[in-house]
Amino acid sequence: MIKKILVIFGLALSLQLISGCVDCNCGPVKDIYFTKKALSLKNLDANLPEPRLTKDSVFASTRFGIQMQFVTEQVALKQHSVNWGLISAAMACSCEEDNIIGKEDISSVAIFSNNDFDASHPKNTDLSLYFKAKWNNADMPIADYLKILKDLKHSAIIAFYQGIFLQQAPTASKRHKFKVKINLSDGRVLEAETTEVELR
(Lines give C-alpha, C1' and ligand atoms only; values in the text may rest on other atoms or scores of the structure.)
Protein backbone atom coordinates (compact mmCIF):
# COMPACT_ATOMS: atom_id res chain seq x y z
CA MET A 1 0.00 0.00 0.00
CA ILE A 2 2.82 2.40 0.85
CA LYS A 3 4.54 1.54 -2.47
CA LYS A 4 1.39 2.51 -4.38
CA ILE A 5 1.21 5.84 -2.56
CA LEU A 6 4.89 6.51 -3.28
CA VAL A 7 4.42 5.60 -6.97
CA ILE A 8 1.43 7.96 -7.28
CA PHE A 9 3.35 10.70 -5.48
CA GLY A 10 6.35 10.10 -7.77
CA LEU A 11 4.12 10.38 -10.86
CA ALA A 12 2.60 13.63 -9.58
CA LEU A 13 6.09 15.03 -8.90
CA SER A 14 7.34 14.09 -12.40
CA LEU A 15 4.27 15.66 -14.00
CA GLN A 16 4.98 18.79 -11.95
CA LEU A 17 8.57 18.90 -13.21
CA ILE A 18 7.57 18.30 -16.85
CA SER A 19 4.78 20.88 -16.86
CA GLY A 20 6.97 23.34 -14.96
CA CYS A 21 9.55 23.19 -17.76
CA VAL A 22 7.06 24.29 -20.41
CA ASP A 23 7.59 27.99 -21.17
CA CYS A 24 4.31 29.65 -22.16
CA ASN A 25 5.60 33.22 -21.86
CA CYS A 26 2.86 34.12 -19.38
CA GLY A 27 3.79 37.12 -17.31
CA PRO A 28 2.33 37.73 -13.89
CA VAL A 29 -1.28 38.90 -13.75
CA LYS A 30 -1.55 42.65 -13.22
CA ASP A 31 -4.24 44.77 -11.61
CA ILE A 32 -4.44 47.94 -13.73
CA TYR A 33 -6.34 50.75 -12.02
CA PHE A 34 -7.60 53.62 -14.16
CA THR A 35 -9.62 56.78 -13.76
CA LYS A 36 -12.08 58.38 -16.17
CA LYS A 37 -10.82 61.81 -17.27
CA ALA A 38 -13.23 62.91 -20.00
CA LEU A 39 -16.12 61.80 -22.20
CA SER A 40 -16.65 61.93 -25.96
CA LEU A 41 -19.83 61.09 -27.89
CA LYS A 42 -20.40 59.71 -31.38
CA ASN A 43 -23.66 59.21 -33.26
CA LEU A 44 -24.85 55.69 -34.03
CA ASP A 45 -27.28 54.60 -36.72
CA ALA A 46 -29.24 51.45 -35.82
CA ASN A 47 -30.75 51.30 -39.33
CA LEU A 48 -27.61 49.58 -40.54
CA PRO A 49 -27.21 45.79 -40.09
CA GLU A 50 -25.39 46.49 -36.84
CA PRO A 51 -25.41 49.90 -35.14
CA ARG A 52 -22.55 51.81 -36.73
CA LEU A 53 -20.80 55.10 -36.14
CA THR A 54 -21.97 57.70 -38.60
CA LYS A 55 -21.51 61.35 -39.44
CA ASP A 56 -25.05 61.59 -40.82
CA SER A 57 -27.25 64.26 -39.29
CA VAL A 58 -30.72 62.92 -40.19
CA PHE A 59 -32.10 59.83 -38.42
CA ALA A 60 -35.32 57.93 -37.92
CA SER A 61 -36.04 58.76 -34.28
CA THR A 62 -36.02 55.22 -32.94
CA ARG A 63 -32.84 54.34 -34.87
CA PHE A 64 -30.68 57.10 -33.35
CA GLY A 65 -28.04 56.12 -30.84
CA ILE A 66 -25.11 57.61 -28.96
CA GLN A 67 -21.81 55.84 -28.32
CA MET A 68 -19.96 57.05 -25.22
CA GLN A 69 -16.19 56.78 -25.11
CA PHE A 70 -14.22 57.53 -21.97
CA VAL A 71 -10.78 59.10 -21.99
CA THR A 72 -8.94 57.21 -19.25
CA GLU A 73 -5.65 57.43 -17.43
CA GLN A 74 -3.83 54.65 -15.60
CA VAL A 75 -3.32 55.55 -11.94
CA ALA A 76 -1.81 52.39 -10.43
CA LEU A 77 -0.41 49.01 -11.35
CA LYS A 78 -0.08 45.99 -9.08
CA GLN A 79 1.61 42.77 -10.19
CA HIS A 80 0.60 39.52 -8.56
CA SER A 81 3.42 37.30 -7.33
CA VAL A 82 3.95 34.01 -9.13
CA ASN A 83 2.92 30.98 -7.08
CA TRP A 84 4.87 27.81 -7.89
CA GLY A 85 2.49 25.22 -6.41
CA LEU A 86 1.32 22.10 -8.22
CA ILE A 87 -1.81 23.77 -9.57
CA SER A 88 -0.21 26.94 -10.91
CA ALA A 89 2.51 25.10 -12.82
CA ALA A 90 0.00 22.69 -14.31
CA MET A 91 -2.09 25.66 -15.48
CA ALA A 92 0.91 27.75 -16.61
CA CYS A 93 -0.09 27.53 -20.27
CA SER A 94 -3.53 28.98 -19.77
CA CYS A 95 -2.52 32.59 -19.22
CA GLU A 96 -4.87 34.74 -17.17
CA GLU A 97 -5.90 38.20 -18.38
CA ASP A 98 -4.96 41.35 -16.52
CA ASN A 99 -7.61 42.84 -14.26
CA ILE A 100 -8.69 46.30 -15.47
CA ILE A 101 -10.34 48.08 -12.56
CA GLY A 102 -12.03 51.48 -12.58
CA LYS A 103 -11.15 53.77 -9.69
CA GLU A 104 -14.68 55.16 -9.70
CA ASP A 105 -18.11 53.84 -10.66
CA ILE A 106 -20.73 55.56 -12.79
CA SER A 107 -23.43 56.66 -10.34
CA SER A 108 -25.95 58.07 -12.79
CA VAL A 109 -26.48 59.21 -16.37
CA ALA A 110 -28.65 62.14 -17.45
CA ILE A 111 -29.37 63.14 -21.06
CA PHE A 112 -30.61 66.60 -22.07
CA SER A 113 -31.62 68.28 -25.34
CA ASN A 114 -31.04 71.89 -26.31
CA ASN A 115 -34.63 72.04 -27.66
CA ASP A 116 -38.08 71.01 -26.44
CA PHE A 117 -38.53 67.26 -26.92
CA ASP A 118 -42.24 66.90 -26.10
CA ALA A 119 -44.89 68.58 -23.95
CA SER A 120 -43.59 67.02 -20.72
CA HIS A 121 -39.88 67.46 -21.58
CA PRO A 122 -38.99 71.06 -22.43
CA LYS A 123 -35.35 71.77 -23.27
CA ASN A 124 -32.79 70.95 -20.59
CA THR A 125 -34.95 68.33 -18.81
CA ASP A 126 -33.67 64.78 -18.33
CA LEU A 127 -34.52 62.42 -21.21
CA SER A 128 -32.62 59.36 -19.96
CA LEU A 129 -35.86 57.35 -19.57
CA TYR A 130 -36.35 57.71 -23.35
CA PHE A 131 -33.03 55.91 -24.00
CA LYS A 132 -32.03 52.27 -23.54
CA ALA A 133 -28.51 50.88 -23.28
CA LYS A 134 -27.41 48.03 -25.51
CA TRP A 135 -25.83 45.07 -23.72
CA ASN A 136 -24.88 42.25 -26.10
CA ASN A 137 -28.14 41.69 -28.01
CA ALA A 138 -30.49 43.19 -25.43
CA ASP A 139 -31.73 46.72 -24.85
CA MET A 140 -32.27 47.70 -21.23
CA PRO A 141 -33.04 50.79 -19.17
CA ILE A 142 -29.91 52.76 -18.30
CA ALA A 143 -30.47 52.22 -14.54
CA ASP A 144 -30.43 48.42 -15.04
CA TYR A 145 -27.31 48.68 -17.20
CA LEU A 146 -25.51 50.61 -14.43
CA LYS A 147 -26.31 47.80 -11.97
CA ILE A 148 -24.76 45.24 -14.33
CA LEU A 149 -21.63 47.37 -14.74
CA LYS A 150 -20.98 47.31 -10.99
CA ASP A 151 -20.92 43.50 -11.01
CA LEU A 152 -18.56 43.04 -13.96
CA LYS A 153 -14.79 43.23 -13.56
CA HIS A 154 -13.61 44.32 -17.02
CA SER A 155 -16.61 46.29 -18.26
CA ALA A 156 -15.89 49.65 -16.62
CA ILE A 157 -13.46 50.74 -19.32
CA ILE A 158 -15.91 50.02 -22.17
CA ALA A 159 -19.11 51.16 -20.45
CA PHE A 160 -21.78 52.24 -22.95
CA TYR A 161 -19.48 51.40 -25.88
CA GLN A 162 -22.31 49.50 -27.62
CA GLY A 163 -24.41 52.62 -27.32
CA ILE A 164 -27.63 53.98 -25.93
CA PHE A 165 -30.61 54.24 -28.28
CA LEU A 166 -33.57 56.59 -28.38
CA GLN A 167 -36.89 54.77 -27.91
CA GLN A 168 -39.34 57.61 -28.54
CA ALA A 169 -39.74 60.19 -31.30
CA PRO A 170 -39.85 63.87 -30.36
CA THR A 171 -43.18 65.65 -30.81
CA ALA A 172 -41.87 69.20 -30.48
CA SER A 173 -38.68 70.22 -32.26
CA LYS A 174 -37.04 67.79 -34.68
CA ARG A 175 -33.50 69.23 -34.34
CA HIS A 176 -31.55 68.31 -31.23
CA LYS A 177 -28.11 68.41 -29.69
CA PHE A 178 -28.01 65.90 -26.84
CA LYS A 179 -25.84 66.56 -23.79
CA VAL A 180 -24.85 63.54 -21.70
CA LYS A 181 -23.94 64.17 -18.07
CA ILE A 182 -22.31 61.33 -16.12
CA ASN A 183 -21.99 61.51 -12.33
CA LEU A 184 -19.09 59.48 -10.94
CA SER A 185 -18.89 57.93 -7.49
CA ASP A 186 -16.02 60.27 -6.51
CA GLY A 187 -18.27 63.32 -7.06
CA ARG A 188 -16.87 64.39 -10.43
CA VAL A 189 -19.15 65.03 -13.42
CA LEU A 190 -18.22 64.27 -17.04
CA GLU A 191 -20.18 65.99 -19.82
CA ALA A 192 -20.16 65.92 -23.60
CA GLU A 193 -22.51 66.95 -26.40
CA THR A 194 -23.47 65.33 -29.70
CA THR A 195 -23.51 67.13 -33.01
CA GLU A 196 -26.90 68.50 -34.02
CA VAL A 197 -29.19 65.82 -35.45
CA GLU A 198 -32.59 65.91 -37.11
CA LEU A 199 -34.96 63.21 -35.88
CA ARG A 200 -37.85 62.14 -38.10
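Residues numbered from 1 in each chain as written. Predicted model: local features only at pLDDT ≥ 70, side-chain atom pairs only at ≥ 80, totals over all residues. Heavy atoms only, no water.

### Focus: the sheet that holds strand S12 (residues 189-193)
Reading across from one edge, S6-S11-S12 is the order of the 3 strands in this open sheet, with antiparallel pairing throughout. The two strands at the open ends of the sheet, each matched to only one other strand, are strand S6 (106-113) and S12. Taking the axes of each pair of neighbouring strands and ignoring which way they run, one obtains an average angle of 15° across the sheet. Bridge count for strand S11 (residues 178-184) against S12 is 5 bridges, and the pairing is antiparallel. Across the sheet, Ile182 pairs through a bridge with Leu190, a residue of S12. (Pairing = 2+ DSSP bridges. Helix = DSSP H or I, 4+ residues; strand = E, 2+ residues; numbered from the N terminus. Axes fitted to C-alpha atoms, helices over the stretch in contact; angles between N-to-C directions.)

### Thoughts on the environment of Ser61
Tracing the chain through its elements places Ser61 in the loop between strand S3 (58-59) and strand S4 (64-79). Using a relative accessible area of 2% as the deciding quantity, one classes Ser61 as buried. Taking the C-alpha atoms as reference points, Ser61 and Gln167, separated by 106 residues in sequence, lie 7.6 Å from one another. Contacts of Ser61, omitting those with residues within four sequence positions, involve Leu166, Gln168, Ala169, Pro170, Leu199 and Arg200. (Buried < 20%, exposed > 50% of the residue type's maximum accessible area, 1.4 Å probe, protein only. Contact = heavy atoms within 4.5 Å.)

### Quick notes on the side chain of His176
Following the sequence through the fold, His176 ends up in strand S10 (residues 175-176). In this structure His176 comes out as buried when scored by relative accessible area, which is 0%. At 2.7 Å, the side chain of His176 forms a polar contact with the backbone oxygen of Ser173. Residues contacting His176, with those up to four places away along its chain left out, are Ser113, Asn114, Asn115, Asp116, Phe117, Pro170, Thr195, Glu196, Val197 and Leu199. (Polar contact = N/O pair within 3.5 Å; in protein donor to acceptor, adjacent residues only side chain to side chain.)

### As for helix H3 (residues 142-151)
For the α-helix, the turn length of 3.6 residues means that residues three or four positions removed from each other point alike. Regarding H3, the residues found buried are Ile142, Tyr145, Leu146 and Leu149. The buried residues of H3 occupy an angular sector of 100° when projected down its axis, which confines them to one face. Turned more than 90 degrees off the buried face of H3, the exposed positions are Lys147, Lys150 and Asp151. In this fold, the buried residues of H3 make contact with S6, strand S7 (131-135), strand S8 (138-141) and strand S9 (164-166). (Arc of directions from axis to C-beta.)

### Some thoughts on unusual backbone geometry
If you check the backbone angles, Asn124 has positive phi at about 65° while not being a glycine. In this fold, Asn124 is placed in the loop between S6 and S7. If you check the backbone angles, Phe160 has positive phi at about 65° while not being a glycine. When you line up the elements, Phe160 lands in the loop between H3 and S9. Under the relative-accessibility criterion, Phe160 is labelled buried at 1%.

### Considering the sheet that holds strand S13 (residues 197-199)
Strand order in the open sheet made by the 3 strands is S3-S13-S10, with mixed pairing throughout. Every other strand in the sheet has two partners, leaving S3 and S10 as the edge strands with one partner each. Across 2 bridges, S3 lies against S13 in parallel orientation. Looking at S13, one finds that Phe59 is bridged to Leu199.

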